Amino acid sequence: LKDQVNICPAFICIHERYSSAEHDLLKVLEMDPDDASLYNNLGLVKIRQGEYQAALDYLNKSNRLQPGFMEALQNRVDAKFGLKDYQGAIDDLNRILLQEQVPYAYYYRGKAYLQLGMGESACADFEKAVGLGYAVIDKFVLDSCETFRF
């Protein structure tokens, strides 16, 4: 069962079988309570269900068990955005960027900066993301950055 639930997140996202995935993950967690990936997967399920605080609780546990677990950090960013904890998301994105210069982290940090009214910082991060090959930045964001330049 453990092997099945660890490959489950992609299946969960495609088929939206959140409650059965949660049930299976909790069952396996009883047998292996120190597996950071199980807590991460439970956090992902809770994010998909819109239960951001519960997700964050699981993801924090994952992070305590395996500090620097990149996937759990990424998922914590999603949970913190859901909770509108943009400074907390920035803190996690900074941790990610200390480990690896990944374009999506600059993009999401830019989005968090925008939410906090820090337009110039946001635009600098959007430009860094584009420079690293991130192609998802939409016209609204780019137009917003043009406003900050003039």
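These numbers come from a predicted model, not from an experiment.

Chemist: Please set out the overall build of the chain residue by residue, giving values where relevant.
Modeler: Secondary structure summary: the chain contains 10 helices and 0 strands in total. The helix and strand sequence of the chain, counted from the amino end, reads α-α-α-α-α-α-α-α-α-α. Considering the chain as a whole, with its 150 residues, one finds that 43% of them fall into the buried category. Partitioning the contacts of the chain with sequence separation of at least 6, the portion at a separation of at least 24 is 45%. For the chain, the exposed area adds up to about 8,200 Å²; of that, 51% sits on carbon and sulfur atoms.

Chemist: Account for the packing of aromatic side chains, naming residues and giving values.
Modeler: Under the counting rule described, the total for this entry stands at 6 aromatic pairs. Ring centres of Phe81 and Tyr86 lie 5.5 Å apart, and the angle between their planes is 75 degrees; this geometry places the pair in the edge-to-face category. When sorted by exposure, Phe81 lands in the same class as Tyr86, which is buried.

Chemist: Help me get a handle on unusual backbone geometry, residues and values and all.
Modeler: You will see that Lys84, though not glycine, has its phi angle at about 60 degrees, which is positive. Within the secondary structure, Lys84 sits in the loop between α6 (70-82) and α7 (86-99). The class for Lys84 is exposed, based on a relative accessible area of 60%.

Chemist: With reference to specific residues and values, describe the packing of α6 against helix α8 (residues 103-115).
Modeler: Running from amino to carboxyl end, α6 crosses α8 at an angle of 20 degrees, the nearest separation of the two axes being 12 Å. The angle between α6 and α8 falls in the class roughly parallel. Crossing geometry of α6 relative to α8 is assigned as left-handed. Contact residues: α6 offers Met70, Gln74 and Phe81, while α8 offers Tyr104, Tyr108, Lys111 and Ala112. Here the contact of α6 with α8 is built from residues that sort into 5 nonpolar, 1 polar and 1 charged.

Chemist: Give a detailed account of the pattern of salt bridges, specifying residues and quantitative values.
Modeler: Per the stated rule, a full pass over the model turns up 6 salt bridges. With its nearest N and O atoms 3.0 Å apart, the salt bridge here joins Glu51 to Lys46. In this structure, Arg76 engages Asp92 in a salt bridge whose closest nitrogen and oxygen atoms are separated by 2.5 Å. Highlighted residues: Arg76 in helix α6 and Asp92 in helix α7, separated in sequence by 16 residues. In this pair, the class of Arg76 matches that of Asp92, namely buried. Residues joined by salt bridges that share partners form a network here, namely Arg76, Lys80, Asp92 and Arg95.

Chemist: Can you lay out the packing of helix α3 (residues 18-31) against helix α4 (residues 36-48) for me, pointing to particular residues and giving the numbers?
Modeler: Two quantities define a packed helix pair, namely the angle between the axes and the distance from one axis to the other. One can describe the packing of α3 onto α4 by two numbers: an axis separation of 10 Å at closest approach and a directional angle of 160 degrees. Our classification of the angle between α3 and α4 gives roughly antiparallel. For the crossing formed where α3 meets α4, the hand is left-handed. Two secondary-structure elements touch here, α3 through Tyr18, Ala21, Glu22, Leu25, Leu26, Val28 and Leu29 and α4 through Leu38, Tyr39, Asn41, Leu42, Val45, Lys46 and Arg48. Taken together, the residues of the contact of α3 with α4 sort by class into 10 nonpolar, 1 polar and 3 charged.

About the criteria used
- Residues numbered from 1 in each chain as written.
- Predicted model: local features only at pLDDT ≥ 70, side-chain atom pairs only at ≥ 80, totals over all residues.
- Heavy atoms only, no water.
- Helix = DSSP H or I, 4+ residues; strand = E, 2+ residues; numbered from the N terminus.
- Buried < 20%, exposed > 50% of the residue type's maximum accessible area, 1.4 Å probe, protein only.
- Contact = heavy atoms within 4.5 Å.
- Areas by Shrake-Rupley, 256 points an atom, 1.4 Å probe, with all protein chains shown as cover.
- Phe/Tyr/Trp six-rings, centres within 6.5 Å; stacked < 30°, edge-to-face > 60°.
- Axes fitted to C-alpha atoms, helices over the stretch in contact; angles between N-to-C directions.
- Parallel < 35°, antiparallel > 145°, perpendicular 65-115°, else oblique.
- Left-handed = near helix turned anticlockwise from the far one by under 90°.
- Nonpolar A, V, L, I, M, F, W, Y, C, P; charged D, E, K, R; others polar.
- Salt bridge = Lys/Arg side-chain N within 4 Å of Asp/Glu carboxyl O.

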